[in-house]
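The residues making up each chain are set out below.
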Amino acid sequence: MRILHLSDTHNQHKNLGNLPEADLIIHSGDFSFAGTESEFRDFLKWFLDLNYQYKIFIGGNHDGFLEENSQKEIQSILPKNCHYLCHSGVTIENIKFWGVPMFVSEDIDGSYFEKIKQIPKNTDVLITHNPPLGILDLDGKINFGCSELLHKTLEIKPKFHLFGHIHNAYGIEKSKSTTFINSSVLNGNYERTNPPILFEV
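Residues numbered from 1 in each chain as written. Predicted model: local features only at pLDDT ≥ 70, side-chain atom pairs only at ≥ 80, totals over all residues. Heavy atoms only, no water.

Peer 1: Would you explain the side chain of Thr-9 in this entry?
Peer 2: Relative to the elements of secondary structure, Thr-9 occurs in the loop between strand 1 (2-6) and strand 2 (24-27). With a relative accessible area of 1%, Thr-9 lands in the buried category. Looking at Thr-9, its side chain comes within polar contact range of the side chain of His-27, at 2.9 Å. In this structure, Thr-9 is in contact with Leu-16, His-27, Asp-30, Phe-31, Val-185 and Leu-186, ignoring residues within four places of it in sequence. (Helix = DSSP H or I, 4+ residues; strand = E, 2+ residues; numbered from the N terminus. Buried < 20%, exposed > 50% of the residue type's maximum accessible area, 1.4 Å probe, protein only. Polar contact = N/O pair within 3.5 Å; in protein donor to acceptor, adjacent residues only side chain to side chain. Contact = heavy atoms within 4.5 Å.)

Peer 1: How should I be thinking about the sheet that holds strand 4 (residues 82-84) in this particular structure?
Peer 2: Strand pairing in a sheet is mediated by backbone hydrogen bonds. Such pairs are either parallel or antiparallel. Read across the sheet, five strands follow the order 4-3-2-1-13 without closing on themselves; strand pairing throughout is mixed. A single partner strand is all that each edge strand has here, and the edge strands are strand 4 and strand 13 (197-200). Each neighbouring strand pair of the sheet contributes to a mean axis angle of 20°, computed without reference to strand direction. Of the pairings in the sheet, the one linking strand 3 (residues 54-57) to strand 4 comprises three bridges and is parallel in character. Looking at strand 4, one finds that Lys-55 is bridged to Cys-82. Sheet strands touched by helix 1 (residues 37-49): strand 1, strand 2, strand 3 and strand 4. Its angle to strand 3, the strand with the most contacts, is close to 155°. (Pairing = 2+ DSSP bridges. Axes fitted to C-alpha atoms, helices over the stretch in contact; angles between N-to-C directions.)

Peer 1: Sorry, what's going on with the pairing of strand 6 (residues 95-100) here?
Peer 2: For a regular strand, side-chain orientation follows a simple rule: the groups alternate between the two sheet faces. A large share of strand 6 lies buried, amounting to five of its six residues. Of the pairings in the sheet, the one linking strand 5 (residues 88-92) to strand 6 comprises five bridges and is antiparallel in character. Bridge pairing in strand 6 places Val-90 opposite Phe-97. If you look at the hairpin formed by strand 5 and strand 6, you'll find two residues sitting between the two strands, and Glu-93 has a positive phi there, around 50°. Examined bridge by bridge, strand 6 and strand 7 (residues 125-128) share four bridges and lie parallel to one another. The residue of strand 7 that forms the bridge with Val-100 is Thr-128.

Peer 1: Whenever I open this one, the packing of aromatic side chains confuses me. Can you help?
Peer 2: Ring pairs (aromatic) are described by centroid distance and by the angle formed between their planes. Inspection of the entire model under this criterion finds 14 aromatic pairs. Summarising the aromatic geometry, the rings of Phe-31 and Phe-40 are spaced 6.1 Å apart at their centres and angled 45° between planes, so their arrangement reads as tilted. Note on accessibility: Phe-31 and Phe-40 belong to one class, buried. Aromatic pair Phe-40 and Phe-57: ring centres 6.4 Å apart, planes at 45°, arrangement tilted. Residue Phe-40 is found in helix 1, and its partner Phe-57 is found in strand 3; the two are separated by 17 residues along the sequence. Take Phe-40: its relative accessible area is 1%, and that puts it in the buried class. Judged by its relative accessible area of 0%, Phe-57 is buried. Put simply, the rings of Phe-31, Phe-40, Phe-43, Trp-46, Phe-47, Phe-57, Phe-65 and Tyr-84 pair up and form one aromatic cluster. (Phe/Tyr/Trp six-rings, centres within 6.5 Å; stacked < 30°, edge-to-face > 60°.)

These values are about where atoms sit, not about what they do.
So, in structure tokens, the structure goes:
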């Protein structure tokens, strides 16, 4: 399966032209900036119009509208080939995907860390907004990734771990068991400098 991954478009999705062909497109959060419903609707129209057989997206820390509405409510307005993952998973062509959003409220109340523990061991492709600590998470001299997420990823060993959030850490890093991909389309100045990343699983 050919997968196209992108993240952190912050309302600049319509400026992404000539996207490569793939079977599945995945957006790992921060499609909006202020987190409004109108931003979500604008992104969703663009996303649903794209010519991909399957589509997955999760929420980032800028996507407040998703944080304020349940997964069931969001999924109810989506076609069958589009999946909104929120601490949940979907199996597509025998590949198991699991999505973990990054919501401010979950960080404040600590539930984010509890839900990381619930990521299934048989996950093939893990989709998060936040990176794991020390992997494609460096901005300046600070690593902004999550240590709990790193420990869970090392435990379950997904084939791929997709994320964004840290715009200046775009790229691919491989370990023995997992390929880590940060596909932040924008750089630290919110300039569109990085292409989405295409890979095969």
